[in-house]
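One-letter residues, chain by chain:
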Amino acid sequence: MVGDFAPHAMLAQVEKIFGAWAPGAVEEAPNPALPDIHGRGVYLVHLPGAVQTQVVVGNRAITRHHPDWLRLTLANSIYGGAFNSRLVMNIREQKGYSYSPRSGAHPLRQHGYFSIGAAVRNDVVAATLTEIFYEMDRMRSTPVGEDELADALNYLTGVFSLGLATQDGLAGQLAAATLERLPEDYLETYRERVLKLTAADVLEAARKYFDLANAQIVIVGDRARIEGQAAMSGRPEVYDAQGNRI
């Protein structure tokens, strides 16, 4: 059982209704090799007159099929994926740079990526990036404490249960598991597997997938007000809002 619903019972109903539909031939999507990325990249998108700046930092990560997926999910929750995360406490609560900074681990079909985003005042772009990388480095260097780990585990399992509390939520989870070709017991064993994770798992995931050295930084705002700050993270490539190099 997951929540108040049995996934296999719902699947049986779906198969009863749609089981007679014959599948068509579907070719596998192409999976070209990704380009090599070595070193940090900085990209500034000039938006004249912008009263604030959008900062996005990202690097390649993994999909749900990777053995480290739940480790990365937990590390992300502690870093910036939850409202009481380190990133939120730092640049929202303590510094007041942004209303809602967040990070996320994004599993696509063939590849995945990790990202951090925040809309900030024009005068604190460089300071925000400093804190983003500071918190990433802290996650990579020091194990999380017992209380912080317990809070994150409770958050992940609680959010998961709430997501299955309605028929719509359960159907969405089943659809995702089917489309992503996950194991049949993925939903039923999710909470149990999450609760087995340790501080060592978090540290390992952060060291692997919070890739400071090869992070790509996109900054969208008024060039005149932010270019000098962007340059503190590396020489920026500058584009207009239509993607043309300027």
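Let us look at the structure shown here. What you are looking at is a predicted structure, and each value in this text was computed from that prediction instead of being measured.

Turning to the sheet that holds strand β1 (residues 41-46), a few remarks are in order. Here we have six strands laid out as an open sheet, ordered β3-β4-β2-β5-β1-β6, and mixed in their pairing. Pairing within the sheet leaves two strands with one partner each, and these edge strands are β3 (102-107) and β6 (237-240). Neighbour-to-neighbour, the strand axes of this sheet turn through a mean angle of 20 degrees, independent of strand direction. Taken together, the five bridges between strand β2 (residues 52-60) and strand β5 (residues 216-221) define a ladder with antiparallel strand orientation. When the bridges of β5 are listed, Val55 appears paired with Ile219. Across the sheet, helix α2 (residues 69-81) is in contact with β3 and β4 (112-121); its angle to β3 comes to roughly 160 degrees.

Further remarks concern the pattern of salt bridges. The tally for this structure, following the rule as stated, stands at 13 salt bridges. Connected via shared salt-bridge partners are Asp68, Arg71, Asp201, Glu204 and Lys208.

Further remarks concern helix α4 (residues 125-141). Taking 1.5 Å per residue, 17 residues should reach 24 Å; α4 reaches 24 Å between its end C-alpha atoms and fits that length. Buried residues of α4: Val125, Ala126, Thr128, Leu129, Glu131, Ile132, Phe133, Glu135, Met136 and Met139, and no others.

Looking at helix α7 (residues 186-195), one finds that the buried residues are Tyr186, Leu187, Thr189, Tyr190 and Val194. Along the axis of α7, the buried residues cluster in a sector spanning 155 degrees; they form a single face. Summarising the contacts, the buried residues of α7 are in contact with α2, α5 (146-163) and α6 (167-179).

One can describe the packing of α2 onto α7 by two numbers: an axis separation of 11 Å at closest approach and a directional angle of 60 degrees. With respect to each other, α2 and α7 are oriented oblique. The two elements α2 and α7 cross, and the hand of that crossing is right-handed. Of the residues in α7, those touching α2 at Trp69, Leu70 and Thr73 are Tyr186, Tyr190, Arg193 and Val194. Considered class by class, the residues forming the contact of α2 with α7 number five nonpolar, one polar and one charged.

Counting across every chain of the model gives six aromatic pairs. Relative to Trp21, the ring of Phe18 lies with its centre 5.0 Å away and its plane at 80 degrees, an arrangement referred to as edge-to-face. Under the relative-accessibility criterion, Phe18 is labelled partly exposed at 40%. Relative accessible area serves as the criterion here: at 63%, Trp21 is assigned to the exposed category. Members of the aromatic cluster, joined through ring pairs, are Tyr79, Phe114 and Phe210.

About the thresholds
- Residues numbered from 1 in each chain as written.
- Predicted model: local features only at pLDDT ≥ 70, side-chain atom pairs only at ≥ 80, totals over all residues.
- Heavy atoms only, no water.
- Pairing = 2+ DSSP bridges.
- Helix = DSSP H or I, 4+ residues; strand = E, 2+ residues; numbered from the N terminus.
- Axes fitted to C-alpha atoms, helices over the stretch in contact; angles between N-to-C directions.
- Contact = heavy atoms within 4.5 Å.
- Salt bridge = Lys/Arg side-chain N within 4 Å of Asp/Glu carboxyl O.
- Expected span 1.5 Å × (residues − 1).
- Buried < 20%, exposed > 50% of the residue type's maximum accessible area, 1.4 Å probe, protein only.
- Arc of directions from axis to C-beta.
- Parallel < 35°, antiparallel > 145°, perpendicular 65-115°, else oblique.
- Left-handed = near helix turned anticlockwise from the far one by under 90°.
- Nonpolar A, V, L, I, M, F, W, Y, C, P; charged D, E, K, R; others polar.
- Phe/Tyr/Trp six-rings, centres within 6.5 Å; stacked < 30°, edge-to-face > 60°.

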